[in-house]
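Chain by chain, the residues:
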Amino acid sequence: MRVPKQLRDGHTDDAVVRELDDEDGSVITVDFGSDAADMSVDVVDETVIVVMDDRQFQFDLPAGATEVTANNGILTISE
């Protein structure tokens, strides 16, 4: 699984993006910091929609992704 272009470019200026691969699969985490603690995420068809305070952005669900969650300012995409 690869980090979506929209997460690499433009929406993560203050965020830390990590990509982890092991025998159990891949995980992408994006830490937006404590200011995004009230972040919400929704998946519609193959599009992920993220809302943080007055910002909203969307990106294509990575191939192979099975779960997208948001908790305490951290977006997690799992395979």
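**Overview of the confidence of the model for the chain**
Item 1. Scored by pLDDT, the chain has a mean of 86; 94% of the residues are at 70 or more.
Item 2. Considering each helix and strand of the chain separately, the mean pLDDT is smallest for helix 1 (residues 5-8), with a value of 74, and largest for strand 3 (residues 40-44), with 94.

**Considerations on the environment of Thr76**
Item 1. Considering the arrangement of structural elements, one finds Thr76 in strand 7 (residues 74-78).
Item 2. Judged by its relative accessible area of 18%, Thr76 is buried.
Item 3. C-alpha separation for the pair Thr76 and Val17, spaced 59 residues apart in sequence, amounts to 10.0 Å.
Item 4. Once you skip the residues sitting within four places of it in the chain, Thr76 turns out to touch Val27, Ile28, Thr29, Glu67, Val68 and Thr69.

**What about the side chain of Ser78?**
Item 1. As for its position among the elements, Ser78 is in strand 7.
Item 2. The contacts of Ser78, once residues within four sequence positions are left out, are Met1, Ser26, Val27, Gly64, Ala65, Thr66 and Glu67.

**Overview of the sheet that holds strand 3**
Item 1. With respect to topology, three strands assemble into an open sheet ordered 3-4-5, the strand pairing being antiparallel. What marks the edges here is a single partner per strand, and that holds for strand 3 and strand 5 (55-60). This sheet shows a mean twist of 20 degrees between the axes of neighbouring strands, independent of strand direction.
Item 2. With five bridges connecting them, strand 3 and strand 4 (residues 47-52) associate as antiparallel partners. Bridging across to strand 4, Val43 finds its partner in Val48.

**Here's the deal with the pairing of strand 7**
Item 1. Counting buried positions over the five residues of strand 7 gives four, a clear majority of the element.
Item 2. Bridge count for strand 2 (residues 25-31) against strand 7 is five bridges, and the pairing is antiparallel. Paired with Val30 across the two strands is Leu75, which belongs to strand 7.

**Brief notes about the nonpolar core**
Item 1. Leu7, Phe32, Val50, Phe59, Leu75 and Ile77 are the most contacted members of the largest nonpolar core, which totals 19 residues.
Item 2. Residue assignment for this core shows that the elements contributing at least two residues are strand 2, strand 4, strand 5 and strand 7.
Item 3. Those residues in contact with Leu75 that lie beyond four places of it in its chain are Leu7, Ile28, Thr29, Val30, Phe32, Met39, Val41, Val50, Phe59, Val68 and Thr69.

So, how was this worked out
Residues numbered from 1 in each chain as written. Predicted model: local features only at pLDDT ≥ 70, side-chain atom pairs only at ≥ 80, totals over all residues. Heavy atoms only, no water. pLDDT = per-residue confidence, 0-100. Helix = DSSP H or I, 4+ residues; strand = E, 2+ residues; numbered from the N terminus. Buried < 20%, exposed > 50% of the residue type's maximum accessible area, 1.4 Å probe, protein only. Contact = heavy atoms within 4.5 Å. Pairing = 2+ DSSP bridges. Axes fitted to C-alpha atoms, helices over the stretch in contact; angles between N-to-C directions. Core = buried A, V, L, I, M, F, W, Y, C linked by side-chain atoms within 4.5 Å.

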